[in-house]
Structure formats: C-alpha cells, structure tokens
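# Structure at a glance
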Amino acid sequence: MPPRQIDGSRIRAVRRGKDLHQRELAEMVGVSAPTVARWENGQDFPKGEKLPSIAAALGQPLDVLFPHDGPPDLQLLRCDAGLSVAEAAAIIGTSRVPVSNAESGRRRLNDAYVQPLAQAYGVTEDELLAAQDCSFGRRPRASRSEQEAAPRTLGEKINFLLRYGYGAQAAPSDKEIARLVNAHASVAVVTAEDIAALRAGVTTEASDIVRAGLAQALQVDVAILGDDAELNPAARQLLEAIRFIGSIDRGQILGLAARGNSEGLSAGMMAHINELVGELKHKLPEVQDGE
C-alpha cells in the first residue's frame, strides 16, 4: 500500500475535469490504460513512486490529490522523489536490503547513506533523519505553523473532517457521503464523483442543500462548511478541538457521545471531551448572530 491516501474516484474526477482520457493519463505516467482503469475502480493502487507523476499530469498538488497523515517517513520521502526501492538502493550502491530495512523500522541507515539519499530525495540530512525516526515509530511534535493551520475551502474542510474526525473507525467513502447527502435532501443532488471533485478542489461550489447534507453526513454544524474563506473564531476552535482529540491515539471526536468510546479513554476524560465539544458547537450560532 502506498504511503499516501489514494481514492480512485478522485483520480477519475480530476482526470475528467481536465478532459483527459484514461489512455492519455496512462501515457503521461508510463503505464497502460487498463492500469489506470483499475486505479479508478479501486481494484488496484498505483505504486507510491508513481504518485508525483500522476499529480503532475493532472495539474494537482501532490498533498491535495494524495494526502498523507502525519510527518513524512522514509518511504514517503522516497516515493515523493519518484524513486523505487531498487533505484534508491542503486544511488547508495547497495542491494535493496538497507533501504527496505530502514523503511520498515528494522535497521537504521548506515551514516554513509544519509547524505546521498537526502540529496536524491531533495531534503536536508536532518529531514531525512527525522523521517527515519518516524519509520522507527518516533513522531516529532507538529510545528507551530502546522498546529495553527486551518482549512479554508469547502474541499479542505471535508478532507480535514474525514482525516481528523474518525480515528480508528473508517471514515465514510465518497459514495457513502453522497448517499447520506441525498438521503438528507430526499432527492438525488450529488454523486460520489461530485464529492470526489469537491475534495480534490476541481469543484469549489455547492448549494445550500448540499452543504446541509454534508454537515449532516459529517456530523458537524453547517456553519463550518459555509462560504467564509476564513473561519470564524468558534468554528476554528471546534476544528482545532477535532484536530487535538484526533491526535490522541487517533481517538474519535465527531458524534463522540452518540458513538461511544472504544479507544481506551477514561469515563472522566470522555465526559470532559463531550462537554468541551458541546460548548464549542453551541458557540457557532452565537458568533454568527454577532457578525
């Protein structure tokens, strides 16, 4: 499995938005058209080292089309450089074993390999060593800028909520989100491809009824999914609460009280979290009234 999240329906939506045929995309990234079809149908995944060329061919930022969770590890750095394990090994003049061992957290890289791999991956030696720490289970603290970053567009907000709001529980797929939105609207207003296009940033607009359905599907106040490019303070607080709690053992936050807790948090902590989220949600109408 590649180190980034891959949604075949998003690849299809962006490709169609660019008026590209599967054959044309295949030629641009060096694979066959049936291979692209399998990616888009969810029957197969592209190799991690192919993701940069796919994103470039579709004119999308790599982190938008294929997001990843947390700081980069060695596998992510290699794949983002467009290199296979064999190609990375050739750079340092070894077999695949040292690269594979380091990426899987079995044995650290020899010091002599750090500089040439860092150069090949387009990062500093310190960044390579930090990524190696991640491969061995040591996670660095998020930077201040990362902690303060907030989603701005509708697609970014959807991706944010899917990323931080579900923890160990699987987040709903684009198809499931579309089903929930349509059920809320009591009429077919979106398809799975429409949701994929929103998440990929191909489509940036959505009607009020779609936004209301998305809020219902993602279990948040509809104010969070509004048109405001800069979130109001209460909405930002709620999203930061989601991010914070989501970072604690990837615990759940959306619909926490309704879903219960299977993540090992104490009853007291659960009560405190639910109280905090309830207070933050209730602030949203108050802030809007005062705007």
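Overview of the structure. Just so we're clear, the structure is a prediction, and the values are computed from it rather than from any experiment.

## Describing the layout of surface pockets
- Quantified by volume, the second largest pocket comes out at close to 160 Å³.
- In this structure, the second largest pocket is lined by 14 residues; those nearest its centre are Lys47, Gly48, Glu49, Gln75 and Arg78.
- Elements with a minimum of two residues in the lining of the second largest pocket: helix H6 (74–80) and helix H7 (85–91).
- Here the lining of the second largest pocket is built from residues that sort into seven nonpolar, three polar and four charged.

## Comments concerning the environment of Ile158
- As for its position among the elements, Ile158 is in helix H12 (residues 154–164).
- Once the C-alpha coordinates of Ile158 and Arg199 are considered, the two residues, 41 residues apart in sequence, prove to be 6.6 Å apart.
- Those residues within four positions of Ile158 in sequence are excluded, and the remaining contacts are Leu198, Arg199, Leu214 and Leu218.

## A look at empty space enclosed by the protein
- Following the criterion strictly, the structure yields one cavity of 30 Å³ or more and no others.
- Its volume calculated, the largest cavity comes out at about 30 Å³.
- Lining the largest cavity, in full, are Leu74, Val99, Ala102, Glu103, Leu109, Leu117 and Tyr121.
- In terms of residue count, the dominant contributor to the lining of the largest cavity is helix H8 (residues 97–103) (three residues).

## A short note on helix H13 (residues 174–185)
- Helix length check: H13, at twelve residues, gives a terminal C-alpha distance of 16 Å against a target of 16 Å (1.5 Å per residue), a fit within 8%.
- Turning to H13, its buried residues number three or more, namely Asp174, Ile177, Ala178, Val181, Asn182 and Ala185. Axial view of H13: buried residues confined to an arc of 130°, hence all on one face. Turned more than 90 degrees away from the buried face of H13, the exposed residues are Lys175 and Ala183.

## A short note on the side chain of Ser135
- Following the sequence through the fold, Ser135 ends up in helix H10 (residues 125–135).
- Ignoring any residue separated from it by four or fewer positions in sequence, one finds Ser135 in contact with Asp73, Leu74, Ala102, Glu103, Ser104 and Gly105.

## Notes on the pattern of salt bridges
- What the rule picks out here adds up to 13 salt bridges.
- Of the charged contacts, one joins Glu40 and Arg15 as a salt bridge, the two residues approaching to 2.6 Å between their closest N and O atoms. One end of the pair, Glu40, is in helix H3 (residues 33–40); the other, Arg15, is in helix H1 (residues 8–17), and 25 residues separate them in sequence.
- Relative accessible area serves as the criterion here: at 4%, Glu40 is assigned to the buried category.
- Where Glu103 meets Arg78, a salt bridge forms, and the shortest distance between an N and an O atom there is 2.5 Å. Taken together, the positions of Glu103 in helix H8 and Arg78 in helix H6 put the pair 25 residues apart, joining distant regions of the chain. Like Arg78, Glu103 is buried.
- Each of Arg12, Arg15, Arg16, Glu40 and Glu193 takes part in one network of salt bridges that share partners.

Thresholds applied
Residues numbered from 1 in each chain as written. Predicted model: local features only at pLDDT ≥ 70, side-chain atom pairs only at ≥ 80, totals over all residues. Heavy atoms only, no water. 1 Å grid on protein atoms, 1.4 Å probe; cavity = no way out; pocket = protein on both sides within 12 Å on 5 of 7 lines; lining within 4 Å. Points joined across faces, edges and corners; volume = space filled by probe spheres on them. Helix = DSSP H or I, 4+ residues; strand = E, 2+ residues; numbered from the N terminus. Nonpolar A, V, L, I, M, F, W, Y, C, P; charged D, E, K, R; others polar. Contact = heavy atoms within 4.5 Å. Expected span 1.5 Å × (residues − 1). Buried < 20%, exposed > 50% of the residue type's maximum accessible area, 1.4 Å probe, protein only. Arc of directions from axis to C-beta. Salt bridge = Lys/Arg side-chain N within 4 Å of Asp/Glu carboxyl O.

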